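Residue-level structure breakdown
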Amino acid sequence: MILTTHTLEVAERIAQRIGIIRAGKLVAEGSMAELSAGRAEGTTLEQLFLELAQEDVPA
């Protein structure tokens, strides 16, 4: 099943895998554990999204 949402709390709570799309490009994909690896414990999906949104969009 595929679910799309703009509610990051919902995605973090129920999704097995998460994809983040910015400017029409998939910039991150994986489980919450995979996406937050190497970051502070307790990092939320919202924090990850905000971090990724500040990076330059790859060409």
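The text that follows walks through the structure, step by step, so that each part is easy to find. This one's a predicted model, so the numbers in the text were calculated from it and none came from an experiment.

Here we take up the overall build of the protein chain. When helices and strands are counted, the protein chain shows three helices and two strands. In the protein chain, the order of α-helices and β-strands from amino to carboxyl end is α-β-β-α-α. For the protein chain, whose C-alpha radius of gyration is 11 Å, the value lies close to the compact-globule estimate of 10 Å for 59 residues. Structurally, the protein chain occupies a C-alpha span of about 30 × 30 × 15 Å along its principal axes. Counting all 59 residues of the protein chain, 24% fall into the buried class. Sequence-distant contacts in the protein chain: of pairs separated by 6 or more residues, those separated by 24 or more amount to 42%. With an accessible surface of roughly 4600 Å², the protein chain has 53% of that area assigned to carbon and sulfur atoms. Distance from the positive charge centre (5 side chains) to the negative charge centre (9 side chains) of the protein chain: 6 Å.

Moving on: the layout of surface pockets. In this structure, the largest pocket occupies an estimated 640 Å³ of space. Taken together, 18 residues line the largest pocket, and the ones lying closest to its centre are Leu3, Thr4, Thr5, Ala11 and Gly19. Of all the secondary-structure elements, those providing two or more residues to the lining of the largest pocket are α1 (8-14), β1 (18-22) and α3 (45-54). It is β1 that contributes the most residues to the lining of the largest pocket, four residues altogether. A per-class count over the lining of the largest pocket returns twelve nonpolar, five polar and one charged.

Among the secondary structure elements, serine 31 is positioned in the loop between β2 (25-30) and α2 (32-36). Filtering out sequence-adjacent residues up to four positions away, serine 31 remains in contact with Gln16 and Arg17.

Reading the values: the criteria
Residues numbered from 1 in each chain as written. Predicted model: local features only at pLDDT ≥ 70, side-chain atom pairs only at ≥ 80, totals over all residues. Heavy atoms only, no water. Helix = DSSP H or I, 4+ residues; strand = E, 2+ residues; numbered from the N terminus. Rg over C-alpha atoms; globule rule 2.2 N^0.38 Å. Buried < 20%, exposed > 50% of the residue type's maximum accessible area, 1.4 Å probe, protein only. Contact = heavy atoms within 4.5 Å. Areas by Shrake-Rupley, 256 points an atom, 1.4 Å probe, with all protein chains shown as cover. Lys, Arg positive; Asp, Glu negative; His and termini not counted. Charge placed at Lys NZ, Arg CZ, Asp CG, Glu CD. 1 Å grid on protein atoms, 1.4 Å probe; cavity = no way out; pocket = protein on both sides within 12 Å on 5 of 7 lines; lining within 4 Å. Points joined across faces, edges and corners; volume = space filled by probe spheres on them. Nonpolar A, V, L, I, M, F, W, Y, C, P; charged D, E, K, R; others polar.

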